[in-house]
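# Summary of the model geometry
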Amino acid sequence: MGDEQAAWAAGPGAAEQARSLLAVAWSCMVTADGGREEFVGAHAVADDGRVLLHVPEDSALLTAAICAPRGEPAAVLEFADVAPVPVRGRVRARLWMAGWFAPTDEQLVFHPTRVVLRRPSGAVVVDLDEFAAARPDPLAGAEAGLLTHLADAHPDAVERLTRLVEPDSLHAATRVQPLAVDRHGLTLRIERARAHGDVRLTFHAPADDVAELTERIHVLLAQAAAASCPRTLQRQRADGDR
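About the thresholds
- Residues numbered from 1 in each chain as written.
- Predicted model: local features only at pLDDT ≥ 70, side-chain atom pairs only at ≥ 80, totals over all residues.
- Heavy atoms only, no water.
- Helix = DSSP H or I, 4+ residues; strand = E, 2+ residues; numbered from the N terminus.
- Buried < 20%, exposed > 50% of the residue type's maximum accessible area, 1.4 Å probe, protein only.
- Contact = heavy atoms within 4.5 Å.
- Areas by Shrake-Rupley, 256 points an atom, 1.4 Å probe, with all protein chains shown as cover.
- 1 Å grid on protein atoms, 1.4 Å probe; cavity = no way out; pocket = protein on both sides within 12 Å on 5 of 7 lines; lining within 4 Å.
- Points joined across faces, edges and corners; volume = space filled by probe spheres on them.
- Nonpolar A, V, L, I, M, F, W, Y, C, P; charged D, E, K, R; others polar.
- Salt bridge = Lys/Arg side-chain N within 4 Å of Asp/Glu carboxyl O.
- Pairing = 2+ DSSP bridges.
- Axes fitted to C-alpha atoms, helices over the stretch in contact; angles between N-to-C directions.
- Core = buried A, V, L, I, M, F, W, Y, C linked by side-chain atoms within 4.5 Å.

A separate point is the overall build of the chain. Along its length, the chain carries seven helices and eleven strands. Burial status across the chain gives 42% buried among its 242 residues. Considering only residue pairs separated by 6 or more positions, the chain has 56% of its internal contacts joining residues 24 or more positions apart. If you sum the accessible surface of the chain, you get close to 12,600 Å²; carbon and sulfur atoms cover 51% of it.

Below is the structure:
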């Protein structure tokens with residue numbers, strides 16, 4: 001890869017990644033007052049990161065929220081970031097939010113007092129002010145469609161991109177799939193017979209919409225085409241993986 005791309009190593013910060021995960025998550029697991037319940041398609045997110053949860057009138061969570069002391073960390077919300085493309089270990093990250101609910105006429109408003117993001121690299125406590133001020137990645141809402149289209153319609157392009165990956169990372173690889181994309185870069189999941197790993201291809205500049213993302217991908221493909229030699233994936237398992 002060229003010097004310009006190597007110099008651009010930016011990626012989403014913890015607060016931005018947490019807000020992106022929260023914006024696109026479909027389900028919300030709530031632990032409160034000793035109970036645990038999952039709500040599907042029932043939450044929305046305010047601009048400052050508060051979670052707006054619609055629950056049935058007879059919900060035990062609603063009763064617990066009404067009875068809980070105001071300002072106490074009376075609940076924990078959990079969200080999962082699931083890769084849209086079938087890969088091993090599809091949960092890319094998890095988000096936990098501790099805090100308290102304020103009941104309103106139509107919904108419960110969750111006020112976070114602690115936000116923790118767990119990524120493959122480890123867990124990080126997200127600063128509450130940074131979390132409130134952050135905005136989701138501009139590609140977050142389109143990511144699932146973009147990745148599934150890339151995997152299903154352009155597997156040859158995905159394999160060409162492996163020319164930009166260090167040879168050691170491709171040792172005994174049997175399959176490569178697009179795992180994630182954000183305005184800063186594309187992440188590939190490299191699968192082997194008994195293990196897997198991820199590599200990130202960073203863009204030369206951030207992409208703020210799908211049109212710019214398309215241009216960034218074309219730049220990566222052009223760089224891959226100019227690579228000294230193609231690196232063919234190993235279709236059979238390596239001797240050491242048998």
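The residue Gly 185 is located in strand 10 (residues 185-191) in this model. Sequence separation between Gly 185 and Thr 202 is 17 residues, and the spatial gap between their C-alpha atoms is 4.1 Å.

Before going further, it helps to spend a moment on the layout of surface pockets. Of the volumes computed, that of the largest pocket is approximately 600 Å³. Along the wall of the largest pocket there are 24 residues; nearest its centre are Pro 12, Gln 17, Asp 81, Ala 180 and Asp 182. Counted by class, the lining of the largest pocket contains ten nonpolar, five polar and nine charged residues. For the second largest pocket, the calculated volume is near 310 Å³. Around the second largest pocket sit 14 residues that line it, and Leu 146, His 149, Leu 150, His 154 and Ile 217 are the ones nearest its centre. Of all the secondary-structure elements, those providing two or more residues to the lining of the second largest pocket are helix 5 (143-153) and helix 7 (210-225). Looking at side-chain class alone, the lining of the second largest pocket contains nine nonpolar, five polar and no charged residues.

Let's shift gears to helix 2 (residues 14-24). Summarising burial for helix 2: eight of the eleven residues are buried, a large majority. Residues of helix 2 that are buried include every one of Ala 14, Ala 15, Glu 16, Ala 18, Arg 19, Ser 20, Leu 21 and Leu 22, and no others.

Within the structure shown, the criterion is met by 13 salt bridges. For Arg 183, the salt bridge is made with Asp 137, and the minimal N-O distance between the two is 4.0 Å. Of this pair, Arg 183 sits in the loop between strand 9 (175-182) and strand 10 while Asp 137 is found in the loop between helix 4 (128-133) and helix 5, placing the two residues 46 residues apart along the sequence. Residue Arg 183 is classed as partly exposed on the basis of its relative accessible area, which comes to 22%. Look at the salt bridges and you will find they share partners, linking Glu 16, Asp 137 and Arg 183 into a network.

Working definition: the strands of a sheet are paired by backbone hydrogen bonds and lie parallel or antiparallel to each other. With respect to topology, three strands assemble into an open sheet ordered 9-10-11, the strand pairing being antiparallel. Edge positions in the sheet fall to strand 9 and strand 11 (196-202), since each of these pairs with one other strand and no more. On average, adjacent strands in this sheet sit at an angle of 25 degrees to one another, irrespective of strand direction. Where strand 10 meets strand 11, seven bridges bridge the pair, whose relative direction is antiparallel. Counterpart to Thr 187 in the pairing with strand 11 is Arg 200. Strands strand 9 and strand 10 of the sheet are contacted by helix 5, whose axis makes an angle of about 155 degrees with strand 9.

What follows deals with the nonpolar core. Among the nonpolar cores identified, the biggest contains 31 residues, and Leu 77, Phe 79, Met 97 and Phe 101 are the most heavily contacted of them. Listing elements by their share of this core, those giving two or more residues are helix 2, strand 1 (27-32), strand 4 (51-53), helix 3 (60-67), strand 5 (75-82), strand 6 (91-103) and strand 7 (108-119). With five residues, helix 2 is the largest single contributor of residues to this core. Those residues in contact with Phe 79 that sit more than four places away from it in its chain are Leu 21, Leu 22, Ala 25, Ser 27, Cys 28, His 43, Val 51, Ala 93, Arg 94, Leu 95 and Met 97. Judged by nonpolar contacts, the second largest core, of 29 residues, contains Val 85, Leu 186, Ile 217 and Leu 221.

Along the chain, the position of Glu 16 falls in helix 2. For Glu 16, a relative accessible area of 14% gives the class buried. Apart from the residues within four sequence positions on either side, Glu 16 is in contact with Ala 134, Arg 135, Pro 136, Asp 137, Arg 183 and His 184.

Within the secondary structure, Leu 95 sits in strand 6. Residue classification places Leu 95 among the buried positions, given a relative accessible area of 0%. Residues Leu 95 and Leu 22, spaced 73 residues apart in sequence, show a C-alpha to C-alpha distance of 7.8 Å. Setting aside anything within four residues of it in sequence, one finds Leu 95 in contact with Ala 18, Leu 21, Leu 22, Leu 77, Glu 78, Phe 79, Val 115, Val 116 and Leu 117.

The values reported here are purely geometric and, on their own, carry no functional implication.
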